[in-house]
Structures are given as structure tokens and as C-alpha cells.
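Close look at the chain arrangement
Chain by chain, the residues:
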Amino acid sequence: MSSTLGFGSSGLQLMHSVWETPSLGALARQKLPVDLRQRLLLWGFGLSVIGQLWLWPIYLIAITQSLAIAVVLASYMVWILWGPGKLAACNEAPYQAPWRHLPVWHLMADYLSARLVKTAELDPKGRYVFAAYPHGVCAISGWVCFATEAAGFSKLFPGLRPWCMTLASNFKCPGLREYCLMYGLRSCERSSCVNMLRQPGSAIVLFPGGAAEALVTEQSKFNLILHRRKGFVRIALQTGASLVPVFCFGESDLFETYVPPPGSMLARAQQLSHRVWGTSQPLFKGSGIFADWGLLPFRAPLTTVVGAPIPVHALDPRAVTPAE
């Protein structure tokens, strides 16, 4: 039978050798220095942050080369934009984030000396809106401390389910959409935030400063954007969720940035990009994989402090207007 199937003794030996071969992760741990593994992980994280910038060009090239790919991609887009797939970005059940517990993110936490500090107990049956500042260039504190278990969120706050809210456009990009969902990320649209807070034990994590705050990030400074950034308060008033202040010390020190003078051509270009696409293109530099300069964050320590909850009484949704 083995000869009929094409498996002789040599084939069985080959299968056995493959079975006994260490995993790629084990080989990487044995062969690569810790610092290099950390930098490669940060490089991959950076690619995910700018996923839309390189995924869409790949898709555009692919659909011009293959009609089959074009049909499949078009069908998928219809499913996620107008079909049942649209609900995944704002539906809290079932709560599944299988990649959230990947141990590889501890490398990132160690590289940044990241710590999550609890200053008060949070009722696991409560509902919370975590308002985090500052955003920094790409809100790395939010990823390390809330999107993954690298800083031990579940140990500090047992029973709470954190939902990191991100740009809605990320859930319209194939591949990037699935990546976000695997970590429990959801759309930051108001309806999605309200929906995430329907179940007790839920906590949404927002960076109210957003992309606009990324454009004014400077080392050793806390440039926060607070004016007209009260949407998270309206969400709390609508749902009765408690407000939890979060401050990320060290977030502004991860990159060296250049903030163009107000009114300059470069500043106007950044503002135009922010208004049109909702994203920002801050000018920054950091460390590299094999050099002292590049686009990776510096080894600046991160300390994220979660404050005491501020109780909020729910109001009639019709009474919560943008003016408030």
C-alpha cells in the first residue's frame, strides 16, 4: 500500500524528520538574539499600523492581473460593506480574540519596559469608557496594554473585556480587517462604541486625541487635544458607563518628531490629509533594525496608569446632543 501511495521507507523517514523539526518560533528563539527578535516584531507591528498604505496597492495590482482575483475581492467587499460581515466590526458577541494572548507580544513589552498600573478596583460587572492620553505617533501603549496581554491586563482587571476602538476604515480593508478582529479591535464609530457597552463587564478603550494629536506629538512634551473631543463623554452619558482616565507616560518619547510651523505648506498638507482620509502622517524618526536610526520606536519606558472610575448616570439618548 505504501508503494501505491508513493510512500516508501524514505518517504516515511522524511515525514518523521519533518515532524521532529523544531517550530520556526523555537528556531528563532535559539538562533536570533533577543534584541533582534524584538526589533523584527516592532517592524511587523509598524507594517500593521500602516496596513492600508501597502495592502490596497497590492490588491489593485492583483485585480488588474487576474479576473478571478477581481471577482473574489469584489464579492468579499460586498460581504463586509453591505452583508453580514459588516456586523463584525461593531458586534460584541461572541467575544473572541485568539491572538490577544500570543506570548510573542511580551517581547514588545520588554523592549519598551511597558507597565500597566492600576490605581483603583473596577467592578467586573460594570461598564467603562477608558479615555487614554496622549495618542502619540501610533498609540503603542494602547496596543501593548489593552489589545494584548503583554502588560497583564486580565490579571489586573479580572472579568473585564477590553475593546480597543480603531478607525472604521481598517475594517474595510481585506486582511487588515481580519487582523484587527483577531485581537478584539472594533470600529470607533459612535454606534459601535455604544453597542460594545451593552454587556456588563465591557470596557472600550479610546484615544480621543486621535490622528490630530499625532500631528502635534513632541518628545518630552504632552501636547493634548481636548477641544471638541467630548464624544467619549456623550457615549458615557448615553450608556451610563463610567469614565476611566488613562494616561500613558512615555508615549510621546518613543519617536523624535518634527512639527511644521502652523500655516506652513507642510502643515496645511497634513491637515488636508487628516480631513480627507481621517488619518495622519506625522513626520518622525526612531531606531532601526540594524542601525541607530529608522522607523522603530526608541527604548523609552512606557508606564500606563489607569485611574479611578468616574460614575456617570445614563441620560435619555435623545437628550444627548453634539452641543453637550
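On a predicted model such as this, the values are computed, not experimentally measured, just so you know.

1. Considering the overall build of the chain
- Of the regular secondary structure elements, the chain holds 14 helices and nine strands.
- Taken across its 324 residues, the chain has 43% of its residues classed as buried.
- In the chain, once contacts between residues fewer than 6 apart in sequence are set aside, the share between residues at least 24 apart is 79%.
- Entry remark: accessible area of the chain is about 17,600 Å², with carbon and sulfur atoms responsible for 65%.

2. Overview of unusual backbone geometry
- Residue Tyr133 is joined to Pro134 through a cis peptide bond whose omega torsion reads -10 degrees.
- Examined against the element boundaries, Pro134 turns out to sit in the loop between strand 2 (128–133) and helix 8 (140–147).
- Even without being glycine, Ser113 reaches a positive phi, approximately 50 degrees.
- Position of Ser113 among the secondary structure elements: in the loop between helix 7 (105–112) and strand 1 (115–118).
- Residue Ser113 is classed as partly exposed on the basis of its relative accessible area of 44%.

3. Brief notes about the nonpolar core
- Core analysis: the biggest nonpolar cluster contains 55 residues, and Met108, Phe130, Ile140 and Phe146 have the highest contact counts within it.
- If near-sequence neighbours (up to four positions away) are discounted, Phe130 is found in contact with Leu122, Phe146, Phe153, Ala203, Ile204, Val205, Leu206, Val244, Val246 and Val306.
- In terms of nonpolar packing, the next biggest core, distinct from the first, is built from 18 residues, Trp163, Met165, Ile204 and Leu243 among them.

4. Section: the packing of aromatic side chains
- This structure, assessed with the given rule, holds 18 aromatic pairs.
- Arranged with centres 5.5 Å apart and planes meeting at 50 degrees, the rings of Phe45 and Trp143 form a pair that is tilted. Note that Phe45 is positioned in helix 4 (residues 34–49) and Trp143 in helix 8, a separation of 98 residues in sequence.
- Geometrically, the ring pair formed by Phe255 and Phe284 is edge-to-face, given 4.8 Å between the ring centres and 65 degrees between the ring planes.

5. Comments concerning the pairing of strand 5 (residues 202–206)
- Most of strand 5 sits inside the fold, with five of its five residues counted as buried.
- Neither face of strand 5 is exposed, since Ser202, Ile204 and Leu206 on one face and Ala203 and Val205 on the opposite face are all buried.
- Summarising the sheet, strand 2 and strand 5 pair through four bridges and their orientation is parallel. Counted as the bridge partner of Val129 is Ile204 from strand 5.
- Of the pairings in the sheet, the one linking strand 3 (residues 161–166) to strand 5 comprises four bridges and is parallel in character. The residue of strand 5 that forms the bridge with Trp163 is Ile204.

6. So, the packing of helix 4 against helix 7
- Viewed as axis vectors pointing N to C, helix 4 and helix 7 meet at an angle of 105 degrees, and their least axial separation amounts to 9 Å. The angle between helix 4 and helix 7 falls in the class roughly perpendicular. When helix 4 is examined against helix 7, the residues Val34, Asp35, Arg37, Gln38, Arg39, Leu41, Leu42 and Phe45 are found in contact with a partner set consisting of Trp105, Leu107, Met108, Asp110 and Tyr111.
- Among the residues making up the contact of helix 4 with helix 7, the classes are represented as eight nonpolar, one polar and four charged.

7. As for the sheet that holds strand 5
- Strand order across the open sheet formed by seven strands is 1-9-6-2-5-3-4, with mixed pairing between neighbours. Either end of the sheet is taken by a strand with one partner, and the two such strands are strand 1 and strand 4 (186–187).
- Here strand 6 (residues 242–249) pairs with strand 9 (residues 303–306) via four bridges, running antiparallel. The residue bridging Cys248 from the neighbouring strand is Thr304, located in strand 9.
- On the sheet, helix 13 (residues 231–239) packs against strand 2, strand 5 and strand 6 and is oriented at approximately 170 degrees with respect to strand 2.

8. Describing a nonpolar patch on the surface
- Together, Val49, Ile50, Leu53, Trp54 and Ile58 line one region of the surface with nonpolar side chains, adding up to about 460 Å² of accessible area.
- Ranked by residue count, the leading element in the nonpolar patch is helix 5 (residues 51–65), at three residues.

9. Comments concerning the confidence of the model for the chain
- Mean pLDDT for the chain: 86, with 87% of residues reaching 70 or above.
- Counting interchain partners and residues more than four positions distant, the pLDDT-below-50 stretch residues 1–12 has three contacts.

10. Remarks on helix 5
- Taking 1.5 Å per residue, 15 residues should reach 21 Å; helix 5 reaches 21 Å between its end C-alpha atoms and fits that length.
- Residues Gly51, Leu55 and Tyr59 constitute the buried set of helix 5. Axial view of helix 5: buried residues confined to an arc of 40 degrees, hence all on one face. Exposed residues lying more than 90 degrees from the buried face of helix 5 are Leu53, Leu60, Ile61, Thr64 and Gln65.
- Packed against the buried residues of helix 5 are helix 4, helix 6 (67–81) and helix 10 (176–182).

Conventions adopted
- Residues numbered from 1 in each chain as written.
- Predicted model: local features only at pLDDT ≥ 70, side-chain atom pairs only at ≥ 80, totals over all residues.
- Heavy atoms only, no water.
- Helix = DSSP H or I, 4+ residues; strand = E, 2+ residues; numbered from the N terminus.
- Buried < 20%, exposed > 50% of the residue type's maximum accessible area, 1.4 Å probe, protein only.
- Contact = heavy atoms within 4.5 Å.
- Areas by Shrake-Rupley, 256 points an atom, 1.4 Å probe, with all protein chains shown as cover.
- Core = buried A, V, L, I, M, F, W, Y, C linked by side-chain atoms within 4.5 Å.
- Phe/Tyr/Trp six-rings, centres within 6.5 Å; stacked < 30°, edge-to-face > 60°.
- Pairing = 2+ DSSP bridges.
- Axes fitted to C-alpha atoms, helices over the stretch in contact; angles between N-to-C directions.
- Parallel < 35°, antiparallel > 145°, perpendicular 65-115°, else oblique.
- Nonpolar A, V, L, I, M, F, W, Y, C, P; charged D, E, K, R; others polar.
- Patch = residues over 30% accessible without salt bridge, like charges linked within 9 Å, V, L, I, M, F, W, Y side chains within 5 Å.
- Salt bridge = Lys/Arg side-chain N within 4 Å of Asp/Glu carboxyl O.
- pLDDT = per-residue confidence, 0-100.
- Expected span 1.5 Å × (residues − 1).
- Arc of directions from axis to C-beta.

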